[in-house]
Number of protein chains: 2
Amino acid sequence: MLDHFCKKPLWECTRTLAAVAQGHQSADVVIKGAHLVNVCTAEIQEDVDVAISEGRVAYIGQADHCVGPDTEVIDAAGSYIAPGFLDGHIHVESSMMGAGEYARAVIPHGTAGIYWDPHEICNVLGLEGVQVMMEDAARTPLKAIVTTPSCVPAVPGFEDTGSFVGPEEIAESMTWDGVVGLGEMMNFPGVLAGTDHAHGELAETLKANKVITGHYSIPETDRGLNAYIASGVRCCHESTRAEDALAKMRLGQYAQLRYGSAWHDLPELAHAITDHDIDTRFANLISDDTHPHTLVEDGHLDHVLRVAVQCGIPVIQAIQMMTINVATCFHMDDDLGSITPGKCADIVFLDGLDTLNVTRMMIDGTVVAEGGKPLFDYECFAFPDWVTHSMHVGQPITPASFVVKAPEGTTDGTVDVRTIQIIPGKVGTFEGHATLPVRNGEVLGDPSQDILKTFVFERHHETGTFGVGFTQGFGIKRGAMASTVAHDAHNLLVVGTNDEDMALAANTLIECGGGMVVVADGKVLGLVELPIAGLMDDLGAEEMSEKVHALERTWADIGCTMPSPFMTMALIPLACLPELRLTNRGLVDCTTFEFVSLFV
Amino acid sequence: MLDHFCKKPLWECTRTLAAVAQGHQSADVVIKGAHLVNVCTAEIQEDVDVAISEGRVAYIGQADHCVGPDTEVIDAAGSYIAPGFLDGHIHVESSMMGAGEYARAVIPHGTAGIYWDPHEICNVLGLEGVQVMMEDAARTPLKAIVTTPSCVPAVPGFEDTGSFVGPEEIAESMTWDGVVGLGEMMNFPGVLAGTDHAHGELAETLKANKVITGHYSIPETDRGLNAYIASGVRCCHESTRAEDALAKMRLGQYAQLRYGSAWHDLPELAHAITDHDIDTRFANLISDDTHPHTLVEDGHLDHVLRVAVQCGIPVIQAIQMMTINVATCFHMDDDLGSITPGKCADIVFLDGLDTLNVTRMMIDGTVVAEGGKPLFDYECFAFPDWVTHSMHVGQPITPASFVVKAPEGTTDGTVDVRTIQIIPGKVGTFEGHATLPVRNGEVLGDPSQDILKTFVFERHHETGTFGVGFTQGFGIKRGAMASTVAHDAHNLLVVGTNDEDMALAANTLIECGGGMVVVADGKVLGLVELPIAGLMDDLGAEEMSEKVHALERTWADIGCTMPSPFMTMALIPLACLPELRLTNRGLVDCTTFEFVSLFV
């Protein structure tokens, strides 16, 4: 129960709701004659009216007695109505849109609420940045429910971020309106090892009687998983095998089955449901990361729902997994997750249970989207200057910045280096070894081996630190790319075939406040400006989707044929994933968590 | 999450649990080779070990790695283990035992926790009395979880109780450790009418983010029920028809299916489950009132479970209804209701899923009962004097106290009076009319018509008030009965054939601090002393059961052949039930809620 996400807390409207239910007072809205998807009993009820007052459901049945002269009556004959969808784990920043535009993009797809871990902006701008995003989100009808980022930085000691979160910050944030739990505890090694940092964060969350959300990404279902769940982690969205999801549910953890833009785990995970005759109350359906093109082309949770049904999950169970099961996971089922008396009138109208298209969306009793379009709009959020000017690189970047010095004594010839071998469409990398040419004491990249110079410049506190490496596998023949979307520290990442283009790419982003850029032959070919923390822009989903598509075409121009190469590139610094990664502090062996030399 | 009912709050033991799960530290206890009733997925898992530390589950799987030299290993081969049973609605006082002895009686039957509405003692001794009972209960392993009585008095303005509870008292009690919600909101007419008292209490509970428990006892599933649920009432144990229970579940209210000593609703209510293909997560199984003879002869929730299965409810679902569904109803599923990592190690050992006999009971990792016997004991609780001396009648009681004056002008002859017609085995009464003899200006009872004088004396604050009526239907030929168990005000109720025996009965109870008594011909035939608030004694269940049986035999001696006549008698003053009732203020028509004259 959290009044922050309701039009009014229930205790202020029990009298009114009771009066409306009995016909002593008129409802604000009456929905007439719908098929009700009852997520409590898992039934479809026919010809149901819903009377609404104060933004909440007052009555379900035959509601003519609730209709007064000022009551808005919505004819829902032929429609199915379901509780507003709740996304149990999501990062708004992945959409590259601010929370306001994100809300406009997802609400027409049936999303009433999101449990949001804003760890991207937190890495850049700290909890103050999170608060700004919460302000933006609060202007919208979307219930943007926050879990405080737990792992900032993601891998302490191996990278420099804009901020730091520890048990004290967690304790403070647990007092904020709108925070209901701890964001994904990626530091499961810390949980298993019993570190003060990890268990301190867990403890502060539990003391506040809030929910710990998880991230147990390894295919292990025995001692480690038990230890992790015993530490109080209530849900986890990182299963990739059906047996992992099943084990989590059996151990009383909510298994959040993911179908995001990039991570299509659901078809595999659905087998946990379809191959076993189990109670599915511990299953959620979630999106995690949704990119703008997915929102525009496929939708949001409505799309996940359709995929779930295609995978064989019965439709009512699938709807439970994005409504009541999610609300129960977060102990918020008193307000959210079902169309029952007293609950927020968050209602999805669907054209049918086969097609599952959202025709209308109501939140807190107000119709906020129809025919796929949001019915609300507002001025762009006035982001403060420190949010839109987050590029603080400690040194001027010139072509000379990209010189890679060979080991002492090697002036000309070759040298053996470690390379980050990317794997298209996967989050992991391999560590490779390659022989590169040395000229005048400088190690060169080698496009003939598809090996590119790669730099990560700290960009938050002008420390001047940077890491140097080589990446193999993008297929780039000329030019360079840069991005400030570079997980999780979101430093300035530059990859390229020549030092001049790399400098241009870096400086282009420094000037525009961050984003993603492709340059070649001294020219900017494509640029997505992301001035909000270097991660987002305040554009609508369609415009953002078009800009990203345009940028992707310029990648192809310089020789890369991978789908969404920027996403793969953005993971080069993510030191919590195997095997070899590059942060602003250097090359990290992410299987042993040790810095390693560039040279073999 | 409420640390009060765990050995340690989870945040103090996450490190230890994680270490034990991984075998880095030894478990306190390991249960080996059980069949696990998994209430999360509704499956039976075979050959499961459970490792326990700090009173909580650390690991589930094959737990040899958790066994150290000091680990207690319990061989559970052949046993089924299920989560400790939770009774979602119960009044300890109905057992006539203090909370300590109650715990000793129910724990061997698999009960780990009760959601307890102590409204009997609260009517007598107020919230201070509740606190004393909580202290007694806290000495036991039983998780005696309190919902604060909401309706004290039950029907304001029609009776005098020892205490008063309103919104302010509710707000205060919500800050107490051990209080998780509001006790059964019997005043559903007040909820429907929108009274300040009722909605004030609801509001204070909701503001504290606690659970409102319900009592919607009329067979109505439309406007009134919707209004009641919309007011935030999360569960209700008062359904008597399957369609009522089904309607409640469909409207998102937990339907608590009752099978108590006196109220055998479950066989009817089970049809809500067995006749419909529904998700049963909103069903609970509860006992409400359990008398000592039931505890001794049949058991507690284990008995309810066996009845549920006999009624056709699948056994795993039935177990869910007294474990995870209850914990979820009260938002306590982080700590209770399942055998999963991190949860309290409250574990029932069953000999089989057909027999469902409890062979061993563990609470917080300690075996607390075996073979039907509790393994814990302690000194009698030192109840303070004001608890054990609660008889405060305002006048000396003599035979003259029982004179019923005829209407002015009627010295001899007859007069027409209203009678309370009891209905054996039902909670209701009828209003009857009868013609009674008048002698010397006094109206006499008439055993030939089975009509007895009935008096209710206020006994809490020496107000000297009393109500006078006539009761029909007990079959008594001689003597008198008295009781201080007289719902819900628990004033001194006296019913009899002659004034001398009535005075003796009343004075016997005044002298012993309350209880139940049968007298005839100037002699006490049977007496159950209940010195704790006039409601309970600190005896074990077997002894109490024997005393009550002995008393019942004396009822038969004076002519009454009803089963458990004291229970029926105790409802004579209960002014929230139809039709005619007698309180210390007079006769009440409980269909119109008006005082009525004794004389027609």
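Residues numbered from 1 in each chain as written. Chains lettered and ligands numbered in written order. Predicted model: local features only at pLDDT ≥ 70, side-chain atom pairs only at ≥ 80, totals over all residues. Heavy atoms only, no water.

Engineer: Would you take a moment to explain empty space enclosed by the protein for this structure?
Structural biologist: Empty space left among the atoms is revealed by rolling a probe the size of a water molecule over them. All names here are of chain B. By the definition in use, this model includes 12 cavities of 30 Å³ or more. There is about 200 Å³ of room inside the largest cavity. Breaking the lining of the largest cavity down by element, the ones donating at least two residues are strand E10 (211–214), helix H7 (223–230) and strand E11 (233–236). For the lining of the largest cavity, the class distribution of residues is 13 nonpolar, 5 polar and 5 charged. In this structure, the second largest cavity occupies an estimated 170 Å³ of space. (1 Å grid on protein atoms, 1.4 Å probe; cavity = no way out; pocket = protein on both sides within 12 Å on 5 of 7 lines; lining within 4 Å. Points joined across faces, edges and corners; volume = space filled by probe spheres on them. Helix = DSSP H or I, 4+ residues; strand = E, 2+ residues; numbered from the N terminus. Nonpolar A, V, L, I, M, F, W, Y, C, P; charged D, E, K, R; others polar.)

Engineer: What should I look at first to understand the packing of helix H1 (residues 14–21) of chain A against H7(B) in this one?
Structural biologist: Helix packing for two helices is described by the angle between their axes and how far apart those axes are. At a minimum axis distance of 8 Å, the contact between H1(A) and H7(B) shows a crossing angle of 165°. Regarding the angle of H1(A) to H7(B), the classification is roughly antiparallel. Judged by the sense of rotation from one axis to the other, the crossing of H1(A) with H7(B) is right-handed. Counting all contacts with H1(A), which are made through Leu17(A), Ala18(A) and Ala21(A), the residues of H7(B) involved are Arg223(B), Asn226(B), Ala227(B) and Ala230(B). (Axes fitted to C-alpha atoms, helices over the stretch in contact; angles between N-to-C directions. Parallel < 35°, antiparallel > 145°, perpendicular 65-115°, else oblique. Left-handed = near helix turned anticlockwise from the far one by under 90°. Contact = heavy atoms within 4.5 Å.)

Engineer: Would you take a moment to explain the interface of chain B and chain A for this structure?
Structural biologist: Size of an interface, as often reported, equals the accessible area lost when the parts are brought together. Between chain B and chain A, the residue contacts involve 58 residues of the former and 58 residues of the latter. For the pair chain B and chain A, the summed buried surface comes to about 5,300 Å²; carbon and sulfur atoms form 53% of the total. When residues of chain B are sorted by the area they lose upon contact with chain A, Trp11(B), Arg250(B) and Arg281(B) head the list and together hold 12% of the total. At the junction of chain B and chain A, the tally comes to 8 salt bridges. A salt bridge links Arg250(A) to Glu43(B); the nearest nitrogen and oxygen atoms lie 2.8 Å apart. (Buried area = accessible area lost by both parts, 1.4 Å probe. Salt bridge = Lys/Arg side-chain N within 4 Å of Asp/Glu carboxyl O.)

Engineer: In this structure, what is going on with the relation of the copies chain B and chain A? I would like to understand it.
Structural biologist: Two copies of one chain are present, and they are related through a rotation about an axis combined with an axial shift. Between chain B and chain A, which share one sequence, the superposing operator has a rotation angle of 180° and an axial displacement of 0.0 Å; the RMSD is 0.1 Å. Put plainly, the chains are arranged around a two-fold axis. Taking C-alpha positions as the reference, the residue of chain B nearest the rotation axis is His331(B), at 3.2 Å. A share of 100% of interface residues in chain B that are also interface residues in chain A marks the association as one of identical surfaces. (Least-squares fit on C-alpha atoms with pLDDT ≥ 70 in both.)

Engineer: Would you take a moment to explain the packing of aromatic side chains for this structure?
Structural biologist: Each aromatic ring pair is characterised by the separation of its centres together with the angle its planes make. For the structure shown, the criterion picks out 30 aromatic pairs over all chains. Taken together, a centroid distance of 5.0 Å and an interplanar angle of 70° make the contact between Phe402(A) and Phe455(A) edge-to-face. With Phe402(A) in the loop between helix H15 (385–388) and strand E18 (404–405) and Phe455(A) in strand E22 (residues 451–457), the pair connects residues that are 53 residues apart, well separated along the chain. Taken together, the ring pairs in this structure connect Phe402(A), Phe455(A), Phe457(A) and Phe466(A) into an aromatic cluster. One cation-aromatic arrangement involves Arg360(B) over Phe349(B); the distance from NZ or CZ to the ring centre is 4.9 Å. (Phe/Tyr/Trp six-rings, centres within 6.5 Å; stacked < 30°, edge-to-face > 60°. Lys NZ or Arg CZ within 6 Å of the ring centre and 35° of its normal.)

Engineer: Would you mind going over the sheet that holds E11(B) with me for this structure?
Structural biologist: In a beta sheet, neighbouring strands are held together by backbone hydrogen bonds and run either parallel or antiparallel to one another. All names here are of chain B. Overall, parallel pairing links the 8 strands, which are arranged E6-E7-E8-E9-E10-E11-E12-E13 in an open sheet. Only two strands of the sheet have a single partner each, and these edge strands are strand E6 (85–90) and strand E13 (283–286). Sheet twist, expressed as the mean angle between neighbouring strand axes with direction ignored, is 30°. For strand E12 (residues 254–258) and E13, the ladder comprises 4 bridges, and the chain directions are parallel. From the neighbouring strand, glutamine 256 faces E13, where its bridge partner is asparagine 284. With respect to the sheet, helix H6 (residues 196–207) is in contact with strand E9 (179–185) and E10, its orientation differing from that of E9 by roughly 155°. (Pairing = 2+ DSSP bridges.)

Engineer: What is the right way to read the nonpolar core from this model?
Structural biologist: Generally speaking, a soluble globular protein has its nonpolar side chains buried in company with each other. Counting residues in hydrophobic clusters, the biggest one holds 441 residues, and the most contacted among them are Trp116(A) and Trp116(B). Not counting residues within four places of it along the chain, the set of residues in contact with Trp116(A) comprises Ile90(A), His91(A), Val92(A), Glu93(A), Ala99(A), Met133(A), Met134(A), Ala137(A), Ala144(A), Ile145(A), Val146(A) and Thr147(A). (Core = buried A, V, L, I, M, F, W, Y, C linked by side-chain atoms within 4.5 Å. Buried < 20%, exposed > 50% of the residue type's maximum accessible area, 1.4 Å probe, protein only.)

Engineer: Would you take a moment to explain unusual backbone geometry for this structure?
Structural biologist: Cis geometry is found at the peptide bond from His487(A) to Asp488(A), where omega equals -15°. The topology assignment puts Asp488(A) in the loop between strand E24 (480–483) and strand E25 (492–496). Looking along the chain, the bond that leaves Val152(B) and enters Pro153(B) is cis, with omega of -5°. Here Pro153(B) lies in the loop between strand E8 (143–148) and helix H4 (167–173). Unusually for a residue other than glycine, Asp521(A) sits at a positive phi of about 55°. Its location among the elements puts Asp521(A) in the loop between strand E26 (515–520) and strand E27 (523–529). Using a relative accessible area of 58% as the deciding quantity, one classes Asp521(A) as exposed.

Engineer: Just checking my understanding: could you explain helix H2 (residues 99–106) of chain A for this structure?
Structural biologist: Quick reminder: α-helices carry 3.6 residues per turn. Residues three or four places apart thus point the same way. Burial analysis of H2(A) places 7 of its 8 residues in the buried class, which makes it a mostly covered element. Of all the positions in H2(A), only Ala99(A), Gly100(A), Glu101(A), Tyr102(A), Ala103(A), Ala105(A) and Val106(A) are classed as buried.

Engineer: I tried to follow the pattern of salt bridges on my own but got confused; where do I start?
Structural biologist: If the charged atoms of two oppositely charged side chains come close together, the side chains can form a pair. Per the stated rule, a full pass over the model turns up 56 salt bridges over all chains. In this structure, the salt-bridge partner of Lys453(A) is Asp499(A), at a minimum N-O distance of 2.8 Å. With a gap of 46 residues between them, Lys453(A) in strand E22 and Asp499(A) in helix H16 (residues 499–512) connect regions that are remote in the sequence. Accessibility classification places Lys453(A) together with Asp499(A) in one group, the buried group. Of the charged contacts in the structure, one is a salt bridge between Arg223(B) and Asp222(B), with a shortest N-O distance of 3.9 Å. Given the relative accessible area of 36%, Arg223(B) is considered partly exposed. Accessibility expressed as a relative area gives 30% for Asp222(B), which makes it partly exposed. Each of Glu238(A), Arg258(A), Asp265(A) and Asp288(A) takes part in one network of salt bridges that share partners.

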